[in-house]
Each structure stands twice: as C-alpha cells, then as structure tokens.
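Next come the chains, spelled out residue by residue.
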Amino acid sequence: MGKRDTARSSGPAPQLSPVLFAGFALRPLPLALLQPILGVAVRAIHQRHPDIFERLADLDGPVYLVDPVDLPFRFELVPDPDRPSLRALAEDEDVMPTATIRGSLLTLIDLLEGRIDGDALFFSRDLVIEGDTEAVVALRNAVDGAEVDVAADVLARLGPLATPAGLALAGARALFSRAAADLETLRSAVIAPALRRTESHEAAIRGLEEKLASARPTRRARTGGP
Amino acid sequence: MTTTPAPEPLELVCPAGTPAALRAAVDAGADSVYLGFRDETNARNFPGLNFNRRELADGIAYAHQRGAKVLVAINTFPKAGNPGPWHRAVDDAADLGADAVILADIGLADYAARTHPDLRRHLSVQASASNAEAIRFYHSAFGIKRVVLPRVLTVAEIASLNSRIPVETEIFVFGGLCVMAEGRCALSSYVTGLSPNKDGACSPASHVHYEEQGDTLVTRLGDVTVNRFASGEPAGYPTLCKGRYVTAGRASYLFEEPTSLSVVTMLPELARAGVRALKIEGRQRGRAYVAAVVAAFRKAVDAVARGEPVSVDGLAALTEGGRETAGAYEKTWR
Amino acid sequence: MSAPSLTLGPVLFNWPAAKLRDFYFRMADEAPVDSVCVGEVVCSKRAPFFEPHLVEVIERLQAAGKEVVLSTLALIMSEREADQARAVAAAAADGLLVEANDISVAALLAGRPHVVGPLINVFNEGTLAYLAANGACRVCLPVELPGESIAALAAASDVDLEVLVFGRLPLAVSARCYHARSHGLAKDNCQYVCGEDADGLPLETLDGEPFLAVNGTQTLSYACCNLTAELAPLRELGVSRFRLSPQDADMVAVARVFRDVLDGAADADEADARLEGLVGPMPFANGFYHGTVGASFTADAGWQGPVE
C-alpha cells in the first residue's frame, strides 16, 4: 500500500456515499456516453498490461459480469487477448456471464489493484462470486500480477501529453475531462476510507498479536512435558 | 579462548505466483523466492498464476541483481508416458540460471542428477521425507542438498533429525497448512479427478461452487458439500481437509479448522533445532500479502540473528479465518 | 502373460488381535488368494498387540501355500517408528518378502528383492525404473493412478505390477489422529478408539451424504473400490496381480468373486451383484482407474486403450 501517491488529491476527501454517487448519476451520464470512457479504460489497461489478458488465454473465452452493488450500473468484461471489451449494461439487459463478481465499488477496486489476495477473496463475505470459480480465480491472479493502478492507467491515456487517437472515437474531449475529474473525485473518495480502514485494521491486529504472543508461552509450557 | 563460528542466519524463502509477487518478495527482504512454471509441473498449477520462460528469466535477473536466489518448484509427479514437460522444466530452470530446483519425484530427481549434475537440488515437501533414513536416501541417490520437511514433525523431532542427516532442512513457518502428509493425499482427486500429485492442484477452482441459500453460503467441491456458513460467518475456500463434516451425528472440523500456520514466535527455537531455511507458503496469494508477510518475517529473522526477541506485526489479518496455529510443531496438534 | 494372482492386502483397521489372528487363519484355510500381506501400516501404536500372533499366522499362511509379505508403516516420523520398520525390514534377510510403504524402508531393502506398496508414489516409468534397480520386484501402484498411466508403466517395465481392485481406497495419511480427535482425545492418550470401527469411522457431509471413512491417522474413501469389470483390460495391459484390501466383510467370499472373474467363471455384472451383498451399504467406486472423480462408478467400460 506504500506506493500509493495520495498527495495528488488535495483538500478533504469527499465521503464515498450515496450522495456522491447520486451526484454522478444526476449529472446525466447516459450509457451512450459512459461507454466510450469504458472503452478507453479497457484499452488503456490492455495496452499497459497485456500480460493480464495473456494469463487468461487458457480459459475458454470467459465473460464476467461485474456488479458494483453501490453503483447504478453493471459491467460486462470480456478479456479477449486481442480485443478486450468492457461494457456498461442497461438495467434490463440480460447477459449469460461465465462468472459474476458482486461487491461494493471499494471492494472491487481493491481487487483490481491487488489489495485483496486470492484466498482472502473467499474468507470475507464482502465479495460474492457466482458461476465459474476458476474464471474468477484466474482473473484475480492475472490482475494481481499486473500492478494495475486504474486512475494512473486511465489518466496516462487521457492526459494532455498522451492524448491518443482513441480519444477521437469519443468525439467529446470535454466529456473526458469531466470523466477524468470524476475519476479523481471518485478515487480520493475511495482511497480515504481505505486508508482509514487500514489504519484501524492494523491497530486491531497489533492488539490481537500482543495477546497471542503473551498467551503462547503458557500454552507451550503446559503441554511441553514428557 | 575458542569461539564457535556464528551460525549462518536463517534463509527466508518466499512465494511468488507472478512476477509482481516476485518483485514484492525481493523488495521486502526475501533471501530466496520460489516459483513454478505455468503448467502442471508444479503443485500450484492454478489459473492465471505462475511464470512463463521469459518471466522466469526476468525474475531471475531481478532477484540476482538484488542478491536474492530463485528456486524453481517442479514438484508434481511426471505423468507416465509423458515425462517431457517435467524434463523440459528441469532443463529450462538449469539453462535460465535458477539457483535450485525443488523436486518431489524419484524419477525426476534421477533425471536432474544425471542431466544437470551442477544444478542444485532440493527435495520438495511433496516427497514426504519425514525421517532420517528417507532423507539420507534422497541425499545419497540424487545429491539432494536440502529437504523441505513435511508439516508433520514436532520441533523436537526436527532437532533430532538435523543431527542425523547430511543435508540442510527447510520448514514451513507461515501460511496454508496441509493437514495430511503432503504428496500422499488423494482427497482432491477422489472428489474432482484432479490432484496435487498428478495435476498440481488441490481442490481446483474449476470444481468449486459457491451457492447462496437464503442467508447461508454453501461451498461445494464437485458434488461434495464442504461447508455451510451462516450469515456474517467468515467463509473459507472449500479445501476438502478444512471442511465441516459429520461423524457420529456431530458436525465439526474433524481434520482441521480453517486456520493458518504461524510460528513466528518459535523462530529462536527452530534456529536452535538446526533449521537452515524458513518457508512462507502462498504462491496463490496476492503480492500485497507476500509483501506484508515477507516484511514481517524479515524483521523477525533479523531479530533472531541479533539475539533479540521476536515481535510480530500485522500477520493475523492475513491468515485464514484470522486464526493461526503452530500445527505439528507442537505435539498436542496430533 | 503370467497367470493372474490375488493378493490380500494388509488389514488397515485396528481389529482386536484375536480377531485378526482368526481372520488370517481363515484366509490361510479358505481364501483363493496367492499372497497375503501381514503387518501394521497405519499406526505404530497398534503394532505390539498383534506381535504375539505374528509367527503362528505366518506359519499357518505358509503351510497353506500362501506367499507372505510383511507390510510396513506408511508414515515414519519418530525413532521408535523407524526402529519398528528396521526390525521388519531385517526379516528380509530371512527370506521373507517385505513391502515398503515409506521410501525409507525401500532404502533399507536396497539390493534385496522387495515389494513397493501403494503408499509410495510410483507415477511414472522413471521412478519405476529407479526402484526396480534398487531391488523392487513388485510394485503395487498408488490408487489414484489412471488406467492410461498403468498401461504406460506396464509397457515400460518388467517389474510385476499390482493394482488395488477391492476395498476402501487409502486416500491420505497424517500425523494427526482423527479418530482420537473425533472423540475429543489427544493422540498420546487415544485409548485406541479406532478399534471401535472395524471398517473405519464413516464421515458424512453436512448434507448427510456419506463421504469418507477415518481410520486413526488414515483417511479412506467411504466407497469401496470395485474393479471387477476392469480386470480383463488390466490383464490385457500385462498386469497380473490384483490386491484385495480387507474390509470387515466375508473376505473369503470376496476373494472367490474376484477369482471367479479371473477364471472366466463369472462376469462383471454377476460379480457386482455378489459383491453388493458382501459389502453392505458401501457404494462402489472405480473413477480413479478411469481418470476421473475417484468416488464415481462407471458400471461398464474397462480402459479401452490410449485416447488419441
């Protein structure tokens, strides 16, 4: 977690709350406009981390349904090694995914950026997995190996110095600027509680460890005799 | 006045399932990193995990530049009639400059000893060499230099063993705990057809099913219900030996609770028992996990080397179900 | 092709010494088996109870024309266990055939003809060749080995291969005693509770499905291996030895079923029907042989040759 550059977001972090998301939802970002952003995001990740897709090549063309329960969208991810796609689904749109991954946006971003490991995935109930478990494990392993930093990856592609041809596809540079700003807002909203959570977590762990450390010698002494 | 030479410091052997995890382990202070190729030649043949040849070459370069070693696990049992992938794995590990290979199969150890006599050979825990006679056999037959001890021995037994064998010993100190003698367990293939020995996967994800039944989460492996978790209860990956079963009308974790091995506080004792290297389990776990555990153990091992007390920071959150055990190292576990 | 023979594997369970003695006496007198394994494989703590009967049992079996094989411990951890194994291995000098179930015993038997048991991992021709050069004259293969691998091994080596064709499948060994654990006891004070379950302690899933059987430190399948339909294809591959792993059932009758199938006096369907009456509630399993889920049972189709 140490590598994260938190200095980038200045000022108090916004609360990751329904209000924040209502804000995103209210500034009308219809699927038609969201879709190009997703396209850029997945191409950015594909370009910067081709090994993710290569690691998934052994699977039989998996389709993932990613369902952030606190967002009004669901996403369909097809990690094709040559032409990956990420698509926001209309509310009434049905897909037949290989696997579904459901959780809060925070949990899903933790997963994407490698803060949740393969086993912990199953120990906590924060993440719900349905369908082909192998496909989910493969995606988790592939992503973990790639050191994805969503905001950095996408911003690198959107930034003024790296304006790729892909932007023309979207046709609306203003929209991307806004999306980038949204992403930063979202990101600081996501990171602040994550950091807070980590700190309190570590305190709790230290307490537990101290207890364990003091309990252990007694236990051994009692059972160590001939 | 005579001085006894200072014992060599304990070697910290750390897992890497991906190049990112390898870098995380090396950066966090690993002395050695162990890993496998992306196929059935190693016992963590999980989807999306492990190294291709180019990644191994890069990983070895990264580790060597920073003074760390790379050990390649080729620790499944070659398939009859098709030893090629296993032989190539040994050949490529040798050619790419791996510091050692970790082997379990007698035939493969024989191949490695004959074909690459200069390639250092370690005996995998999967070989289940649990006594001096067995270890001496692997030493004299195949020139094994180090044995990874099965997780079935007590510290007293390890100390006694170390006085009677001509090779180094490496033991597991943290991570997932096999309850059964490793390499001698067919529970997974009994239920899925795939086993650690043949296929490099125990309780493979391809056969895992999670099912929400109301508030209850049911975990299945193949057709077998391995556990049910009430709402709010931490769930586990459905490894068969960590499941909940019924004997004489009573449900219990008969084999083992969902718990992780952690013996960080026993390190001084283990050092006195003559152990040479400490192994952290978890090639299937993420790079964040690897970084945290390796850093904690680096501190602990350095403290032991200075004769200072060992402190533990931040390991419990990384253990299965948040619970830990000293496992077989304490006799009462049996 | 050599004439097919039947081996009675070691009794894996903790039967009272008198029952075990009488069991072997009856096997000597009545069972159509050629070879009989005697000796404790699972737990060193059990071994002393049968020792007083060992000589008379061996003599009775030999007098009946059976070959006697001394089986040894599967998991050797302590010096005491190593001594126990060394003592048995020493019998090889007296001309008795010893079966190694841990590689340390195979090492002790180097240069002398011996048997490698199913709890040593022989998965490929490289290992088989090494162990044969070490003196193994017979290898009983691990239970999870598929027919395809058995075929490759049989084609690659002249060593006698033996395949377990009946009984609960030995799936795992551990340092931990699950029998003691199921009774809330420590292993050191186990009170030999494993003796209460002559076929092992059945273990069910939370859905009430029978799944495994616990035998002290060993874990077995709940299902009973039944390879009667696979005997013919195994014979075709060149396997001529078949192991029956004793259950608390009429093992003389079980041996007769397999003998009849080998002699062509019964087909697999008849054999299955007869076995069903002998093994009680245990379902059959032959999935390992077919390279699939070990617990599964395919009623027909022996291994039909390599799949291209």
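It should be emphasised that the depicted structure is a prediction, and the values quoted were computed from it without experimental measurement. (Residues numbered from 1 in each chain as written. Chains lettered and ligands numbered in written order. Predicted model: local features only at pLDDT ≥ 70, side-chain atom pairs only at ≥ 80, totals over all residues. Heavy atoms only, no water.)

### Considerations on the overall build of chain B
Each helix and strand in chain B was counted, giving 10 helices and 16 strands. On C-alpha atoms alone, chain B measures out to a radius of gyration of 20 Å, which is about the 20 Å that the 2.2 N^0.38 rule sets for 334 residues. The C-alpha extent of chain B, read off along each of the three principal axes, is 70 × 50 × 40 Å. Within chain B, the proportion of its 334 residues that are buried is 68%. If you take every contact in chain B between residues at least 6 apart in sequence, the share linking residues at least 24 apart comes to 61%. (Helix = DSSP H or I, 4+ residues; strand = E, 2+ residues; numbered from the N terminus. Rg over C-alpha atoms; globule rule 2.2 N^0.38 Å. Buried < 20%, exposed > 50% of the residue type's maximum accessible area, 1.4 Å probe, protein only. Contact = heavy atoms within 4.5 Å.)

### Remarks on the confidence of the model for chain B
Chain-level statistics for chain B give a pLDDT mean of 91 and a share of 94% at 70 or above. Scoring the predicted complex yields pTM 0.88 and, for the interface, ipTM 0.95. (pLDDT = per-residue confidence, 0-100.)

### A look at the packing of helix H9 (residues 251-262) of chain C against helix H10 (residues 268-279) of chain C
Residue and element names in this part refer to chain C. Direction vectors running N to C along H9 and H10 enclose 175°, while the axes themselves pass 10 Å from each other. Relative to H10, the element H9 lies roughly antiparallel. Residue-level contacts link Ala-253, Val-254, Arg-256, Val-257, Phe-258, Asp-260 and Val-261 of H9 to Ala-271, Arg-274, Leu-275 and Leu-278 of H10. Within the contact of H9 with H10, the residues separate by chemical class into eight nonpolar, no polar and three charged. (Axes fitted to C-alpha atoms, helices over the stretch in contact; angles between N-to-C directions. Parallel < 35°, antiparallel > 145°, perpendicular 65-115°, else oblique. Nonpolar A, V, L, I, M, F, W, Y, C, P; charged D, E, K, R; others polar.)

### Things to note about the nonpolar core
Val-72, Ile-74, Tyr-138, Val-173 and Leu-267 of chain B together with Tyr-24 and Leu-244 of chain C are the most contacted members of the largest nonpolar core, which totals 225 residues. The leading source of residues in this core is strand E7 (residues 160-174) of chain C, at nine residues. Shared between two domains, this core takes at least three residues from each, and those domains are domain 1 (11-177 + 259-333) and domain 2 (187-252) of chain B. Phe-53, Leu-127, Val-136 and Ala-138 of chain A belong to the second largest nonpolar core, which has 29 residues in total. (Core = buried A, V, L, I, M, F, W, Y, C linked by side-chain atoms within 4.5 Å. Domains from an automatic or database assignment.)

### Remarks on the packing of aromatic side chains
Tallied over the entire structure, the rule returns 20 aromatic pairs over all chains. Ring plane angle 85° and centroid distance 5.8 Å describe the contact between Phe-137 of chain B and Phe-142 of chain B, whose orientation is recorded as edge-to-face. Phe-142 of chain B matches Phe-137 of chain B in its accessibility class, with the two residues each being buried. Plain terms: the ring middles of Phe-255 of chain B and Tyr-178 of chain C are 4.7 Å apart, the flat faces sit at 85° to each other, and that makes the pair edge-to-face. Highlighted residues: Phe-255 of chain B in the loop between strand E13 (250-252) and strand E14 (260-262) and Tyr-178 of chain C in helix H7 (residues 178-182), drawn from two different chains. Judged by relative accessible area, which is 0%, Phe-255 of chain B ranks as buried. Taken together, Tyr-190, Tyr-245 and Phe-255 of chain B together with Tyr-178, Phe-211 and Phe-288 of chain C form an aromatic cluster joined through their ring pairs. Of note, Lys-45 of chain C hangs over the ring of Tyr-192 of chain C, and the distance from its end group to the ring centre comes to 5.4 Å. It is Arg-168 of chain C that lies over the ring of Tyr-222 of chain C; its NZ or CZ is 4.8 Å from the centre. (Phe/Tyr/Trp six-rings, centres within 6.5 Å; stacked < 30°, edge-to-face > 60°. Lys NZ or Arg CZ within 6 Å of the ring centre and 35° of its normal.)

### Side note on the interface of chain B and chain C
Across the boundary between the two partners, chain B contributes 60 residues, which contact 60 residues of chain C. Summing the contributions of chain B and of chain C, the shared interface buries around 5,100 Å²; its carbon and sulfur component is 58%. Taken as a group, Arg-184, Tyr-190 and Arg-334 of chain B account for 18% of the area that chain B buries against chain C, more than any other trio of residues on that side. Inspection of the chain B/chain C interface yields eight salt bridges. (Buried area = accessible area lost by both parts, 1.4 Å probe. Salt bridge = Lys/Arg side-chain N within 4 Å of Asp/Glu carboxyl O.)

### Section: the sheet that holds strand E5 (residues 128-131) of chain A
Residues and elements named next belong to chain A. Pairing is mixed in the open sheet, where five strands are placed in the order E3-E2-E1-E4-E5. Looking at which strands have only one partner, the edges of the open sheet turn out to be strand E3 (85-89) and E5. Geometrically, the sheet is characterised by an average inter-axis angle of 20° between neighbouring strands, direction not taken into account. Alignment of strand E4 (residues 99-103) against E5, held across four bridges, turns out to be antiparallel. Of the residues in E5, the one forming a bridge with Ala-99 is Gly-131. (Pairing = 2+ DSSP bridges.)

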